[in-house]
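Chain residues, written in single-letter form:
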Amino acid sequence: QVQLVESGGGLVQAGGSLRLACAASGLRFSAYDMGWFRQAPGKEREFVAVISWSSGSTNYADAVKGRFTISRDNAKNTVYLEMNGLKPEDTATYYCAAKGRFTVDFRSWGQGTQVTVSS
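Predicted model, so just to flag it, every value in this text is computed and none were measured.

Participant: What's the story with the overall build of the chain in this structure? I'm lost.
Facilitator: The helix and strand inventory of the chain stands at 0 helices and 11 strands. For the chain, the succession of helices and strands along the chain, N to C, is β-β-β-β-β-β-β-β-β-β-β. Taking 2.2 N^0.38 as the reference for a compact globule, 119 residues should give roughly 14 Å; the C-alpha atoms of the chain span a radius of gyration of 13 Å, in line with that estimate. With respect to the three principal axes, the spread of C-alpha positions in the chain is 40 × 25 × 25 Å. Per element, the accessible surface of the chain, about 6,200 Å² overall, is 47% carbon and sulfur. Within the chain, one finds 13 positive and 10 negative side-chain charges whose respective centroids are separated by 5 Å.

Laid out in C-alpha cells, this is it:
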C-alpha cells in the first residue's frame, strides 16, 4: 500500500522560506514521478511542481517559478519542495502525489501539510 507523508508546513511571514518533505513507502520510489499540489480554502487544487523519476526534468506552475524548487532523494524515498520568497497567496494545504512513469494521472496522494504565510 502506497503511503505518502508530508511534513514541514507551518506559519511564516511573507518573504520567508519553508522546506516541505514527503516521505514515500510502499512503492518503488525511483520509478515514480513525484509532484506537489496545493489547495487554498474555497479554491480548486492546483499543480505546483513535478519532478521526473530520474530527476532529469522538473516543471513548475508559473505562480511559483523562480521561487520554489522541487528535488528528490531516491535513496531516502523522499521528495522536497523548497519554498522561498513566500507570499500570502501561497497559503494553502500542500499535497505530494506519486505517478508511475508510464501513467498520466497522479493516483497516490498524501494527507497534506498546511502552509500559512502572513503579510
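After presenting the structure, the write-up continues.
Participant: Quick question: what am I supposed to make of the state of the cysteines here?
Facilitator: What makes a disulfide is a covalent bond joining the sulfur atoms belonging to two cysteines. The full count for this structure, using the stated rule, is 1 disulfide. Two residues share a disulfide in this structure: cysteine 22 and cysteine 96, whose sulfurs sit 1.9 Å from each other. In this pair, cysteine 22 sits in strand S3 (residues 18-25) while cysteine 96 sits in strand S9 (residues 92-100), placing the two residues 74 residues apart along the sequence. Neither residue differs from the other here; cysteine 22 and cysteine 96 are each classed as buried.

Participant: How do you make sense of the pairing of strand S8 (residues 78-83) when you look at a structure like this?
Facilitator: Two faces belong to every sheet, and in a regular strand the side chains alternate between them. Most of S8 is tucked away, with 5 of its 6 residues classed as buried. Bridge count for S3 against S8 is 6 bridges, and the pairing is antiparallel. Along S8, the bridge assignment pairs alanine 23 with threonine 78. Pairing of strand S7 (residues 68-73) with S8 involves 6 bridges; the strand directions are antiparallel. Its bridge partner lying in S8, threonine 69 is registered against glutamate 82. The hairpin formed by S7 and S8 contains 4 residues between the paired strands, and asparagine 77 there has a positive phi angle of roughly 55°.

Participant: Hey, could you run me through the packing of aromatic side chains in this one?
Facilitator: Any two aromatic rings considered together are summarised by their centre-to-centre distance and by the angle between their planes. Counting across every chain of the model gives 4 aromatic pairs. Measuring from ring centre to ring centre gives 5.2 Å for phenylalanine 37 and phenylalanine 106, while their planes differ by 75°; the resulting arrangement is edge-to-face. Of this pair, phenylalanine 37 sits in strand S4 (residues 32-39) while phenylalanine 106 sits in the loop between S9 and strand S10 (108-109), and the two are 69 residues apart along the sequence. By the ring-pair criterion, three or more aromatic residues cluster together here, those being Phe37, Phe47, Phe106 and Trp109.

Participant: Looking at this model, I keep getting lost on the pattern of salt bridges. Mind explaining?
Facilitator: As a working rule, side chains carrying opposite charge can pair if their charged atoms are close by. The tally for this structure, following the rule as stated, stands at 6 salt bridges. Between arginine 38 and glutamate 46 there is a salt bridge whose closest N-O contact spans 2.6 Å. Judged by relative accessible area, arginine 38 falls into the buried class, the value being 6%. Look at the salt bridges and you will find they share partners, linking Arg38, Glu46, Arg67 and Asp90 into a network.

Definitions and limits used
- Residues numbered from 1 in each chain as written.
- Predicted model: local features only at pLDDT ≥ 70, side-chain atom pairs only at ≥ 80, totals over all residues.
- Heavy atoms only, no water.
- Helix = DSSP H or I, 4+ residues; strand = E, 2+ residues; numbered from the N terminus.
- Rg over C-alpha atoms; globule rule 2.2 N^0.38 Å.
- Areas by Shrake-Rupley, 256 points an atom, 1.4 Å probe, with all protein chains shown as cover.
- Lys, Arg positive; Asp, Glu negative; His and termini not counted.
- Charge placed at Lys NZ, Arg CZ, Asp CG, Glu CD.
- Disulfide = S-S within 2.5 Å.
- Buried < 20%, exposed > 50% of the residue type's maximum accessible area, 1.4 Å probe, protein only.
- Pairing = 2+ DSSP bridges.
- Phe/Tyr/Trp six-rings, centres within 6.5 Å; stacked < 30°, edge-to-face > 60°.
- Salt bridge = Lys/Arg side-chain N within 4 Å of Asp/Glu carboxyl O.

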